[in-house]
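# Coordinates in review
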Amino acid sequence: MHASFDTDYDELIGLIYQGPLEEQPWQTALPALREMLDVQVVSLVLRPPAVGDPGLILNSVRPEGADAPALASPDDWELTAYRDEFFSLDPFVNLPLEKVTALEDILPDEALTASDYYRQYLHPIGLFRILGVDTAEPGGMLARLRLSRRKQEPRFTERDRELLRRLTPHLRRAIEIYATLNRTTSERDVYAGAVSQLAVATIILDEQARIRNANPIAQVLLEEGDGLTRNGDSLQLAGRDANRQLQQALATIIAAQAQGQPSVAHALRVPRSGSRSDLGLVVRPVPHSEWSQGQSSPCAAVFISDPDQHESASKQTLGELFELTPAEANLAILLARGLSLAEVSEVQNISQHTARAQLKSIFAKTGISRQAELVRLIIKSVASLG
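Right, let's walk through the structure included here. Quick caveat: nothing in here was measured; it's all calculated off a predicted structure.

## Some details on the overall build of the chain
The helix and strand inventory of the chain stands at 14 helices and 13 strands. By residue count, 42% of the 386 residues in the chain fall in the buried class. Within the chain, counting contacts between residues at least 6 apart in sequence, those at least 24 apart form 57% of the total. A total of about 20,700 Å² of accessible surface is found on the chain, and carbon and sulfur atoms cover 52% of it.

In structure tokens form, the structure reads like this:
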């Protein structure tokens, strides 16, 4: 590769690896690549279009005007969908993996000019010459990188192709990082959402007992400041004894984690003001691998249950689980919240005779015979995750 590429090459490699961590992936790398190769558009296809799915392409388009900046500003960054009718016409798909290919290698200029793809897609947006490479990560994500120039601009040279060849292994690794982060984030969000649906407040602390994350239910409790509060980055409990027990539990867990020793969970009751029920609190270590330790790493998790928090079972999900009618599902949920049958009748504005008939039907459908069993069944079911 010519020496003129070497000046910005190292910086570009860094931007490629930074891409998976950016709010809009590769928002700095693609403009830098566009300028280095002097092209109009750089596109990274992360998900091709399909029926009912517009797909996902990251585009960096050269700003108009002679005084355009060397790197596109955030306003020049576009997150766009490649229309499926154009993708279906595109002859420049399914390239051999890791092989840098120009559109002219598979479709001469004359044939391209006569094609529907050129007339319907390339010509209206003023593009003609395309250089591309496809790469895939082990988990199955296929990424397609495309660089486009206008018809009057020079063809891609061997020098251009060599740069893309050198970049491709780095792009593949960055795509693998991106896919891994996405999968991990999706799994984490599923579990975090399930915990929130179960009405469990969760607070994550690091090795210095600083709060690093709190789910929405925990944030509400912290903002209320009744029983537990946030003092800067520290979690505090109301009452000197309760707070001392919490800090001792955290210190014990953190010390054990630092030494690679097992530690046990600690349970506390957290009193609240007035007639509000005490909170139940469990502190437990966050599992980690040998190499995951470090500053600001998750170290301890605090789980908090609020007896006053209404059970959040979904009426629709409960009905589907046990073939209950909407009225029966609603009655079951109200009973699970602690209301008596008479109170349910009053809230629902139905007679107690009707309520008893609905309860009898619920018993028959669920195979239980006591109201206490029904409450336990609802609480332990997956209805709250609906």
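After that view, the rundown keeps rolling.
## Observations concerning the sheet that holds strand β11 (residues 266-270)
Taken in spatial order, the five strands make up an open sheet running β8-β7-β13-β12-β11, and their pairing is antiparallel. Both outer strands of the open sheet, β8 (211-214) and β11, are each paired with one neighbouring strand and no more. With direction set aside, neighbouring strand axes in the sheet form an average angle of 20°. In this sheet, strand β13 (residues 298-305) lies alongside strand β12 (residues 279-285) in antiparallel orientation, the contact comprising six bridges. By the bridge assignment, Pro 285 is partnered in β13 with Ala 300.

## Re the environment of Ser 273
When you line up the elements, Ser 273 lands in the loop between β11 and β12. Taking the relative accessible area as the measure of exposure, Ser 273 reaches 44% and is therefore partly exposed. Expressed as a C-alpha distance, the spacing of Ser 273 and Gly 227, which sit 46 residues apart in the sequence, is 7.5 Å. Reaching out from Ser 273, the side chain makes a polar contact with the side chain of Asp 226 at a distance of 2.9 Å.

## Remarks on unusual backbone geometry
Phi is mostly negative for residues that are not glycine, and the peptide bonds are mostly trans. With a phi angle near 55°, Asn 94 is a residue other than glycine that sits in the positive phi range. Looking at the secondary structure, you find Asn 94 in the loop between α3 (84-89) and β4 (101-102). Overall, the relative accessible area of 60% leaves Asn 94 in the exposed class. One non-glycine residue, Ala 209, lies in positive phi territory at about 60°. Here Ala 209 is to be found in the loop between β7 (200-206) and β8. Ala 209 gets classed as buried once you look at its relative accessible area, which sits at 17%.

## Considerations on the nonpolar core
Among the nonpolar cores identified, the biggest contains 34 residues, and Trp 26, Leu 33, Leu 44, Leu 145, Leu 147, Leu 167 and Ile 175 are the most heavily contacted of them. Mapped onto this core, the elements with two or more residues apiece are α1 (3-18), α2 (29-36), β1 (41-47), β5 (129-136), β6 (142-149) and α7 (158-197). No other element matches α7, which puts eight residues into this core. Beyond its immediate stretch of four places on either side in the chain, Leu 33 contacts Leu 12, Val 42, Leu 145, Leu 147 and Leu 167. Judged by nonpolar contacts, the second largest core, of 27 residues, contains Ile 203, Ala 242, Leu 250 and Ala 300.

## As for the packing of helix α11 (residues 326-336) against helix α12 (residues 341-348)
At a closest axis distance of 10 Å, the pairing of α11 and α12 adopts a crossing angle of 125°. As judged from the angle between their axes, α11 and α12 are oblique. Seen from above, α11 lies across α12 with right-handed handedness. Contact residues: α11 offers Asn 330, Leu 331, Leu 334 and Leu 335, while α12 offers Leu 341, Val 344, Val 347 and Gln 348. Among the residues making up the contact of α11 with α12, the classes are represented as six nonpolar, two polar and no charged.

## Quick notes on α11
Of all eleven residues making up α11, nine are buried, and the element is well covered by its neighbours. Turning to α11, its buried residues are Glu 328, Ala 329, Asn 330, Leu 331, Ala 332, Ile 333, Leu 334, Leu 335 and Ala 336. On its buried face, α11 is in contact with α10 (315-322), α12, α13 (352-366) and α14 (371-380). Where α11 terminates, the next one or two residues include Gly 338, which has phi positive at roughly 105°.

## A closer look at the side chain of Asp 134
Counting through the fold element by element, Asp 134 comes out in strand β5. In terms of polar contacts, Asp 134 uses its side chain to reach the backbone amide nitrogen of Leu 95, at 3.1 Å. Residue contacts for Asp 134: discarding those within four places in its chain leaves Asn 94, Leu 95, Pro 96, Leu 97, Glu 98, Leu 142, Ala 143, Arg 144 and Arg 146.

## Some words on the pattern of salt bridges
Per the stated rule, a full pass over the model turns up 24 salt bridges. The salt bridge partner of Asp 206 is Arg 210, with a shortest N-O separation of 2.8 Å. In this structure Asp 206 comes out as buried when scored by relative accessible area, which is 0%. We note a salt bridge from Asp 226 to Arg 276, for which the minimum N-O separation is 3.2 Å. Here Asp 226 is found in the loop between α8 (216-224) and β9 (228-231), whereas its partner Arg 276 is found in the loop between β11 and β12, with 50 residues between them in sequence. Since its relative accessible area comes to 29%, Arg 276 is described here as partly exposed. When salt bridges that share partners are traced, they join Glu 104, Asp 109, Arg 129 and Arg 155 into one network.

Conventions adopted
Residues numbered from 1 in each chain as written. Predicted model: local features only at pLDDT ≥ 70, side-chain atom pairs only at ≥ 80, totals over all residues. Heavy atoms only, no water. Helix = DSSP H or I, 4+ residues; strand = E, 2+ residues; numbered from the N terminus. Buried < 20%, exposed > 50% of the residue type's maximum accessible area, 1.4 Å probe, protein only. Contact = heavy atoms within 4.5 Å. Areas by Shrake-Rupley, 256 points an atom, 1.4 Å probe, with all protein chains shown as cover. Pairing = 2+ DSSP bridges. Axes fitted to C-alpha atoms, helices over the stretch in contact; angles between N-to-C directions. Polar contact = N/O pair within 3.5 Å; in protein donor to acceptor, adjacent residues only side chain to side chain. Core = buried A, V, L, I, M, F, W, Y, C linked by side-chain atoms within 4.5 Å. Parallel < 35°, antiparallel > 145°, perpendicular 65-115°, else oblique. Left-handed = near helix turned anticlockwise from the far one by under 90°. Nonpolar A, V, L, I, M, F, W, Y, C, P; charged D, E, K, R; others polar. Salt bridge = Lys/Arg side-chain N within 4 Å of Asp/Glu carboxyl O.

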